[in-house]
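Each chain, written out:
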Amino acid sequence: MTLDQVIPALEAADTDAEVLDALRPHWGESGLSSAYFNRLLQLYGADPAATLKLARHWPHILRYGDEPALAYRAKGAADRLAGRWLASARAFQRAGKLATRASDRYSYAAGAIDGLAKAGRVDEAVRLGKSLSEGLRALGEPGLAGRVMLNAGNALLWAERGREARKWFAAAIPLLSDAGFEMEEGAALLGLSTSHLIGGDARIARSEAERASAIAERLELDYLGALCQLNLAQAELNLARPDETLMRLARLKPGFEGSPTDLARINTFLGDAYLRVNMNREAADAYGEAMSLAQALPVVTRADLQYGLGVALLESNRAAAEVHLLQAERLYRKAGNLAWFAASRAARATALVDLSPVRAESLAKSALAVKHEAAIHRLNALLAAASARARQGKSPEEGLAKVQRLISKYGFEQQRWRVSEIRARVSTRPLRHYRAMLAAILRARLAQSSLTTRTAFLVDKSEAIRRYLAYLLGKQTPARVREALSVIEQTRAVTLLDEILASPALGLSEAELAQLESLREELRLESVDPLPSPDTRRAIPAPVGIGVKRRWLESGHALAMLDARIHANREHDCVVLAEAGGSIFALVAGRAVKLPITAAKLDHALRWLQFELFSPMVARNSEGKEALTQIANLAEQLVTPWLGLAEQPIRISAEGALYRVPWDALLAQKGIDQPAILCLHPAMTPCATTPTIPHRVAVWVNDASDLTHVGAELDAVRASFLSAVVLRTRREVLESLTETWDLVHFVGHARHCEENPMFSSIEFADGPLYATEIARSGLKVETVTLAACETGTLSLTLRDEPDGLTRAFLARGARHVCSSLWPLGDESGALFFSTLFADLVDGAEFSQAVSLSRKAVMDRYKHPYFWASIALFGGYSA
């Protein structure tokens, strides 16, 4: 075996015996250690797992090789990849002492800089870098000095001292370029990019990462290229493009399975991206996955994870949030990172505002006393202090004035609504502040560029909006009722309207659609383009300039046109139900009727009703007397107070737990046979004109063995619609989603996913079809009927954006969706839909056909479980 064959043999070796067999014939041979270490360097930038495997052989290279210093360099590299930072530093320092050439003594020891920094000894690492780089320059080795400066810059990055790191990278890059050290030049460009992510200009971070990526691609350094992609993802996050960040990170994640540190970094960025779009549970899950790698992570990264997890839990579990934030605070203090130490303390203050406002104010003030340059953290601490003072009945004005100055200086527009919300809480005349709050919220939402960001945008603003509604409806006047209705229309299911906007239902021309999208993009770019600032790794939005405000006013007729089309479609008022201040109001016919049941009592009543409604699932012959009694009681509280004001057919736009009310059963108790039309947004309603008989009909069928009446239902559909196309597999249905149908009917099993409603699904033998696939498809459909369990159940993980299978079809422009609020009986479901289709063929209007079908089921089954489950949802039709 020649020397050229030894290193491949070491890479392939799985046992020490195989390693020794390859090395013994070359004991002490000149060039052995160099060949080994050079191969290690090649792998280091491309394949971390292969690098670790080869680096394990360093003790044998120390014994059999010709340069002991290179064996210790290999050990240092292996320890670094495994996160053994001090061991890595000791190995590189040992390599420097064993080196025979003066320049090597400096450059080999430079590897210790990284290990010292990640072990928390940043200042020691920087002093070492300064000493080594000066020594190499004195020896006439500027390229090697550039390598040392690269390491010193990276050391500062671990302490998030971006401004200092930037100087080291900027000085190193020309030295590395002149010396022809391309790989190191790429690494320095990547470091410069990262320094701007920590506290600079995200646009520069992106451009430097792109330059580094070009070098990585040219040299085929896959690992370096992947790190560049990580920086590009973070830059996109800071540029308020979280969707792009999520997609890029999802693609990158599998390639980092062999590197715990980088895998943790990806999950940290994923958590940050999820937080940015108010997807707090997903953020907590990503941070938790990263924390499982915590033993391999430096102090600052562990602190970042504790901080992110704490912030993610602020809305759902404030006690747990405070525990994580306190741990983050301790870790940041240990790492000497004062800016994020203050950030953690400010977040703790926010967590305590409602529980203990006095303590929250004290914490916020102590956060403000910490000296650092991070404006965003000062702003958050000021907001926490102001909110705590408002809770105590004190004036928050001094703090809010400082907040406004920071917003004006740095452009933190996403926080502007909070200023007005806090002022509204303490003002004796809060209306103008609530109006300013809503205007800021809506303006910020217009800047959101993606469906994901728009969907979850109101999560952290819902309670403030409900306080606004409570004030309007507390002392109502006709003007205040109109204003309350306007607030609801602008904040309820608006993302669904966004999707319908792109569907065929609205009938906007391509030019009108392009105008609206161009306006949204213009606002997004000008309102979130980050300014150079030394304060945060998170987004730094710029203020909306006069130019874009003027163009918004000039282009505003496009939105006015859209609003006119939606409102002109109303043929009569909708009963809009809303919770405000714990009370429930029905807004109808220009009045706001306060219902004689609170939101808390409604939730309790619905739990008991569900217990009684589902009794036939245990005892099929249950008579349902108790269920009917409870339905009658609910009807008195939820329907009677406004029934005389509503036009028929009754349209209901609900929210929260009110979506779980079996409205048709309540209306039946009041002698109303027509079904309620449930509208996710008050402006959504099908046309009342009688539709033509469906001709293009698709039947999606899951032939489940436990559904004995599927065959009879399918025969009934075929009898009513002779040309119906039957699709039995997921693959066939997916292929049909680009077509136009008058009617789509599904019969089979479905699954509602409460936690992630986009993954609610209808089942086929070859796999599930998810709600998200339907909503994002090219399907064009007039009417949808779903003969499956819980297809009409709506998830309320996002209170203002109810989600599930029904919503997915509404997003495709469906005029009607008929679906089940709870588990659907096989036989009763078959009877309902068979009757429905026969009545449609006979010319019945859709809601009339639903009423007749329900009566047919009631004649056979007395328990409301069987006849009250099917709900009629109204879509939008121009």
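Only a predicted model underlies this, so the values are computations on that prediction, with no experimental measurement involved.

**Details of the overall build of the protein chain**
(1) Moving on: For the protein chain, the helix and strand inventory stands at 44 helices and 14 strands.
(2) Moving on: With 878 residues in all, the protein chain has 59% of them scored as buried.
(3) Moving on: For the protein chain, the proportion of contacts with a sequence separation of at least 24, taken over those separated by at least 6, is 70%.
(4) Moving on: For the protein chain, the accessible surface area stands at approximately 35,000 Å², while carbon and sulfur atoms represent 52% of it.

**Re the packing of helix α18 (residues 280–291) against helix α19 (residues 299–312)**
Two measures define how a pair of helices packs: the angle their axes make with one another and the distance between the axes.
(1) Moving on: Running from N to C, α18 and α19 point in directions that differ by 155°, and their axes come no closer than 9 Å. Classified by the angle their axes make, α18 and α19 are roughly antiparallel. As for the relative orientation of α18 and α19, their crossing is left-handed in sense. Across from Asn280, Ala283, Ala284, Tyr287, Ala290 and Met291 in α18, the residues of α19 making contact are Leu305, Gln306, Gly308, Leu309 and Ala312.
(2) Moving on: Residue composition of the contact of α18 with α19, grouped by class: 8 nonpolar, 3 polar and no charged.

**As for the pairing of strand β6 (residues 697–701)**
(1) Moving on: Most of β6 sits out of view: 5 of its 5 residues are buried.
(2) Moving on: Judged by which residues are buried, β6 turns out to be covered on both faces: Val697, Val699 and Val701 on one side and Ala698 and Trp700 on the other are all buried.
(3) Moving on: Taken together, the 5 bridges between β6 and strand β8 (residues 740–747) define a ladder with parallel strand orientation. Along β8, the bridge assignment pairs Val701 with Val747.
(4) Moving on: Of the pairings in the sheet, the one linking β6 to strand β7 (residues 725–727) comprises 3 bridges and is parallel in character. Residue Trp700 lies in a different strand from β7, and its bridge partner there is Leu727.

**Structural notes on the nonpolar core**
(1) Moving on: In terms of nonpolar packing, the biggest core is built from 107 residues, with Leu638, Trp642, Ile652, Trp663 and Trp700 touching the most fellow members.
(2) Moving on: Looking at this core element by element, the count peaks at 6 residues for helix α42 (residues 826–841).
(3) Moving on: The residues contacting Leu638, other than those within four sequence positions of it, are Leu595, Ile597, Leu602, Leu658, Val661, Trp663 and Leu666.
(4) Moving on: Grouped together as the second largest cluster of nonpolar side chains are 59 residues, Ala117, Ala145, Val148 and Ala152 included.

**Some words on the packing of aromatic side chains**
(1) Moving on: Scanning the entire structure with this criterion turns up 17 aromatic pairs.
(2) Moving on: On the numbers, 5.7 Å between centres and 85° between planes, the contact of Phe759 with Tyr770 is edge-to-face. Within this pair, whereas Phe759 is found in the loop between β9 (750–751) and β10 (761–764), its partner Tyr770 is found in strand β11 (residues 767–770), the two being separated by 11 residues in sequence.
(3) Moving on: Residue class for Tyr770 comes out partly exposed when judged on its relative accessible area of 26%.

**Section: the pattern of salt bridges**
(1) Moving on: This structure, assessed with the given rule, holds 41 salt bridges.
(2) Moving on: For Arg418, the salt bridge is made with Asp460, and the minimal N-O distance between the two is 3.3 Å. Residue Arg418 is located in helix α25 (residues 416–426), and its partner Asp460 is located in the loop between α27 (451–455) and α28 (462–474); the two are separated by 42 residues in the primary sequence.
(3) Moving on: Taking the relative accessible area as the measure of exposure, Asp460 reaches 21% and is therefore partly exposed.
(4) Moving on: Across the pair Lys855 and Asp859 runs a salt bridge whose closest N-O atoms are separated by 3.6 Å. In this pair, Lys855 and Asp859 both sit in helix α43 (residues 846–860), 4 residues apart, roughly one turn of the helix.
(5) Moving on: Relative accessible area serves as the criterion here: at 52%, Asp859 is assigned to the exposed category.
(6) Moving on: Through salt bridges that share partners, Glu322, Glu329, Arg345, Arg348 and Arg359 make up one connected network.

**Focus on the sheet that holds β9**
(1) Moving on: Strand order in the open sheet formed by 3 strands is β9-β10-β11, and the pairing between neighbours is antiparallel. At either end of the open sheet lies a strand with only one pairing partner, and these are β9 and β11.
(2) Moving on: Relative to β10, β9 runs antiparallel, the two being bridged by 2 bridges. Residue pairing for β10: Arg751 is matched across the bridge by Ser761.

**Remarks on the sheet that holds strand β12 (residues 780–787)**
(1) Moving on: Read from one edge of the open sheet, 11 strands run β3-β2-β1-β4-β5-β14-β13-β12-β8-β6-β7, paired in mixed fashion. Of all the strands in the sheet, the pair left with one neighbour each is β3 (591–598) and β7.

**Let's talk about empty space enclosed by the protein**
(1) Moving on: Counting across every chain of the model gives 7 cavities of 30 Å³ or more.
(2) Moving on: By volume, the second largest cavity amounts to about 70 Å³.
(3) Moving on: Residue lining of the second largest cavity: Ala117, Lys118, Ala119, Gly120, Val122, Trp158, Ala159, Pro298, Val299, Val300 and Ala335, and that is the complete set.
(4) Moving on: Residues of the lining of the second largest cavity, tallied by class, amount to 9 nonpolar, 1 polar and 1 charged.

**Regarding helix α7 (residues 85–98)**
(1) Moving on: With 14 residues, α7 should cover 20 Å at 1.5 Å per step; its first-to-last C-alpha distance of 20 Å lies within 8% of that length.
(2) Moving on: Looking at α7, one finds that the buried residues are Trp85, Ala87, Ser88, Ala89, Ala91, Phe92, Ala95 and Gly96.
(3) Moving on: Here the buried face of α7 lies against α6 (68–81), α8 (102–109), α9 (111–118) and α17 (260–276).

**Quick word on the side chain of His324**
(1) Moving on: Tracing the backbone shows His324 in helix α20 (residues 318–335).
(2) Moving on: Setting aside residues no more than four positions away along its own chain, His324 makes contact with Gln306, Leu309, Gly310 and Leu313.

**What to know about the confidence of the model for the protein chain**
(1) Moving on: Put simply, the protein chain has an average pLDDT of 84, and 88% of its residues get 70 or more.
(2) Moving on: In this model residues 523–565 is a low-confidence stretch, pLDDT under 50, and it forms 121 contacts with partners more than four residues away in sequence or in other chains.
(3) Moving on: A low-confidence stretch, residues 567–572 stays under pLDDT 50, and its non-local contacts, those more than four residues away or across chains, total 16 contacts.

**A few points about the environment of Phe341**
(1) Moving on: Examined against the element boundaries, Phe341 turns out to sit in helix α21 (residues 338–352).
(2) Moving on: Taking the relative accessible area as the measure of exposure, Phe341 reaches 7% and is therefore buried.
(3) Moving on: The spatial distance from the C-alpha of Phe341 to the C-alpha of His377 is 9.6 Å, given a sequence separation of 36 residues.
(4) Moving on: With near-sequence residues (within four places) excluded, Phe341 lies in contact with Glu329, Tyr332, Arg333 and Val370.

**Here's the deal with the side chain of Arg492**
(1) Moving on: Tracing the chain through its elements places Arg492 in the loop between α29 (478–491) and α30 (494–501).
(2) Moving on: Engagement of the side chain of Arg492 in a polar contact is seen with the backbone oxygen of Ser653, the distance being 3.1 Å.
(3) Moving on: Setting aside its immediate chain neighbours within four residues, Arg492 contacts Val576, Leu577, Ala578, Ser653, Ala654, Glu655, Tyr659, Leu680, His681, Pro682 and Asp800.

**Some remarks on the environment of Leu62**
(1) Moving on: Assignment of secondary structure puts Leu62 in helix α5 (residues 58–64).
(2) Moving on: Once the C-alpha coordinates of Leu62 and Ala74 are considered, the two residues, 12 residues apart in sequence, prove to be 9.8 Å apart.
(3) Moving on: For Leu62, the residues in contact, after removing those within four places along its chain, are Pro68, Ala71 and Tyr72.

**Concerning the packing of helix α10 (residues 122–138) against helix α11 (residues 142–158)**
(1) Moving on: Packing of α10 against α11 brings their axes to within 8 Å, and their N-to-C directions diverge by 170°. The orientation of α10 with respect to α11, classified from their angle, is roughly antiparallel. Contacts between α10 and α11 involve Val122, Ala125, Val126, Gly129, Leu132, Ser133, Leu136 and Arg137 on the former and, on the latter, Leu144, Ala145, Val148, Met149, Ala152, Ala155 and Leu156.
(2) Moving on: Across the contact of α10 with α11, the residue classes tally to 12 nonpolar, 2 polar and 1 charged.

**Regarding unusual backbone geometry**
(1) Moving on: Cis geometry is adopted by the peptide bond preceding Pro649, which originates at Gln648 and carries an omega value of 0°.
(2) Moving on: Here Pro649 lies in the loop between α36 (640–643) and β4 (651–653).
(3) Moving on: Unusually for a residue other than glycine, Ala493 sits at a positive phi of about 55°.
(4) Moving on: Of note, Glu790 is a non-glycine position whose phi angle comes to about 60°, a positive value.
(5) Moving on: Mapped onto the elements, Glu790 comes out in the loop between β12 and α41 (805–811).

**So, the state of the cysteines**
(1) Moving on: What the rule picks out here adds up to 0 disulfides.
(2) Moving on: Just so you know, Cys679 is unpaired, no disulfide at all, and the nearest cysteine sulfur is the one on Cys574, 4.9 Å from it.
(3) Moving on: Take Cys679: its relative accessible area is 0%, and that puts it in the buried class.

About the cut-offs
Residues numbered from 1 in each chain as written. Predicted model: local features only at pLDDT ≥ 70, side-chain atom pairs only at ≥ 80, totals over all residues. Heavy atoms only, no water. Helix = DSSP H or I, 4+ residues; strand = E, 2+ residues; numbered from the N terminus. Buried < 20%, exposed > 50% of the residue type's maximum accessible area, 1.4 Å probe, protein only. Contact = heavy atoms within 4.5 Å. Areas by Shrake-Rupley, 256 points an atom, 1.4 Å probe, with all protein chains shown as cover. Axes fitted to C-alpha atoms, helices over the stretch in contact; angles between N-to-C directions. Parallel < 35°, antiparallel > 145°, perpendicular 65-115°, else oblique. Left-handed = near helix turned anticlockwise from the far one by under 90°. Nonpolar A, V, L, I, M, F, W, Y, C, P; charged D, E, K, R; others polar. Pairing = 2+ DSSP bridges. Core = buried A, V, L, I, M, F, W, Y, C linked by side-chain atoms within 4.5 Å. Phe/Tyr/Trp six-rings, centres within 6.5 Å; stacked < 30°, edge-to-face > 60°. Salt bridge = Lys/Arg side-chain N within 4 Å of Asp/Glu carboxyl O. 1 Å grid on protein atoms, 1.4 Å probe; cavity = no way out; pocket = protein on both sides within 12 Å on 5 of 7 lines; lining within 4 Å. Points joined across faces, edges and corners; volume = space filled by probe spheres on them. Expected span 1.5 Å × (residues − 1). pLDDT = per-residue confidence, 0-100. Polar contact = N/O pair within 3.5 Å; in protein donor to acceptor, adjacent residues only side chain to side chain. Disulfide = S-S within 2.5 Å.

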